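# Tertiary structure, described
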Amino acid sequence: MRVKLVFALFFCAIAGLAKGKTIQQKFDKAEFYEVMKSANLETVNNELEAVKDAPEKDREGYEGALLMKKAGLLKKPKDRLSFFKQGRIKLETAISADNDNTEFHFLRLAIEEHAPKIVKYHSDIEKDKAIVIKNFRNLSPVVRHAILDYCENSKVLHKEDF
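Residues numbered from 1 in each chain as written. Predicted model: local features only at pLDDT ≥ 70, side-chain atom pairs only at ≥ 80, totals over all residues. Heavy atoms only, no water.

### As for the nonpolar core
Core analysis: the biggest nonpolar cluster contains 39 residues, and Phe32, Tyr62, Leu66, Phe84, Tyr121, Ile147 and Leu157 have the highest contact counts within it. Listing elements by their share of this core, those giving two or more residues are α2 (29-37), α3 (41-50), α4 (56-71), α5 (77-97), α6 (102-114), α7 (125-135) and α8 (141-151). Residues in contact with phenylalanine 32, not counting those within four places in the same chain, are Phe27, Glu47, Tyr62, Ala65, Leu66 and Leu107. (Core = buried A, V, L, I, M, F, W, Y, C linked by side-chain atoms within 4.5 Å. Buried < 20%, exposed > 50% of the residue type's maximum accessible area, 1.4 Å probe, protein only. Helix = DSSP H or I, 4+ residues; strand = E, 2+ residues; numbered from the N terminus. Contact = heavy atoms within 4.5 Å.)

Shown next, in the form of structure tokens:
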């Protein structure tokens, strides 16, 4: 019986590798930011799976940002609003739990700057901008790169701010 179980697990692992997929997808912050820049629903959905491997204390913030990104890529207004609300709750919960997390303030800023007026998600732009500018040097190189990259198309953040 035990031999059959080991064989079955081994077979599943080989089958997964043969399809070009790894057994466990690892969360990669650089990839996360590439997905946030993209306009591809499939890559956002794939990253939602990958974010499950993010550190537990950060998972909700990343998932919230991705859900709001996904909302902007959907066709039906009802779905767009639903995913945006879900993402907003998750990101705001993550910020409430760790208000010193500059990265989450950056994610919120980026979403607020591009959110449609109807969702009324613009009230923290200046606060988030100040936090990001103040703590920029303390962020990881990946996040600093993402912020500087974001500055190229932002009306709020500029490279000169750093």
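### Digging into the packing of aromatic side chains
Within this structure, the stated rule accounts for 9 aromatic pairs. On the numbers, 6.1 Å between centres and 40 degrees between planes, the contact of tyrosine 33 with phenylalanine 106 is tilted. In this pair, tyrosine 33 is assigned in helix α2 and phenylalanine 106 in helix α6, connecting sequence segments 73 residues apart. In this structure, tyrosine 33 and phenylalanine 106 share a single accessibility class: buried. Ring geometry for tyrosine 62 against phenylalanine 104: centres 5.6 Å apart, planes inclined by 85 degrees, an arrangement best described as edge-to-face. In this pair, tyrosine 62 sits in helix α4 while phenylalanine 104 sits in helix α6, placing the two residues 42 residues apart along the sequence. Note on accessibility: tyrosine 62 and phenylalanine 104 belong to one class, buried. (Phe/Tyr/Trp six-rings, centres within 6.5 Å; stacked < 30°, edge-to-face > 60°.)

### Remarks on unusual backbone geometry
What is expected of a backbone is that most residues other than glycine have negative phi and most peptide bonds are trans. If you check the backbone angles, lysine 120 has positive phi at about 50 degrees while not being a glycine. Within the secondary structure, lysine 120 sits in the loop between α6 and α7.

### Things to note about the pattern of salt bridges
Summed over the entire model, instances satisfying the criterion amount to 10 salt bridges. The salt bridge involving glutamate 34 is made with lysine 37; its shortest N-O contact spans 3.4 Å. A residue pair is termed a helical-turn pair when its members lie 3 or 4 positions apart in one helix, as glutamate 34 and lysine 37 do in helix α2 at 3 residues. Here lysine 37 falls in the partly exposed class, since its relative accessible area comes to 48%. The salt bridge involving lysine 37 is made with aspartate 149; its shortest N-O contact spans 2.7 Å. With a gap of 112 residues between them, lysine 37 in helix α2 and aspartate 149 in helix α8 connect regions that are remote in the sequence. Through salt bridges that share partners, Glu92, Arg108, Asp124 and Asp128 make up one connected network. (Salt bridge = Lys/Arg side-chain N within 4 Å of Asp/Glu carboxyl O.)

### Re the environment of lysine 134
With respect to the helices, strands and loops of the structure, lysine 134 is situated in helix α7. C-alpha of lysine 134 to C-alpha of aspartate 161: the two residues are 27 residues apart in sequence and 9.5 Å apart in space.

### Quick word on the side chain of threonine 102
If you trace the backbone, threonine 102 turns up in helix α6. Beyond its immediate chain neighbours, meaning those up to four positions away, threonine 102 contacts Ile131, Val132, Asn135 and Leu139.

### Quick notes on the packing of α4 against α5
Contact geometry of α4 with α5 gives a least axis separation of 7 Å together with a crossing angle of 160 degrees. One way to sum up the angle between α4 and α5 is to call them roughly antiparallel. Here the hand of the crossing between α4 and α5 comes out left-handed. Contacts between α4 and α5 involve Glu60, Gly61, Glu63, Gly64, Leu67, Met68, Lys70 and Ala71 from the first element and Arg80, Phe83, Phe84, Gln86, Gly87, Arg88, Lys90, Leu91, Thr93 and Ala94 from the second. By residue class, the composition of the contact of α4 with α5 is 7 nonpolar, 5 polar and 6 charged. (Axes fitted to C-alpha atoms, helices over the stretch in contact; angles between N-to-C directions. Parallel < 35°, antiparallel > 145°, perpendicular 65-115°, else oblique. Left-handed = near helix turned anticlockwise from the far one by under 90°. Nonpolar A, V, L, I, M, F, W, Y, C, P; charged D, E, K, R; others polar.)

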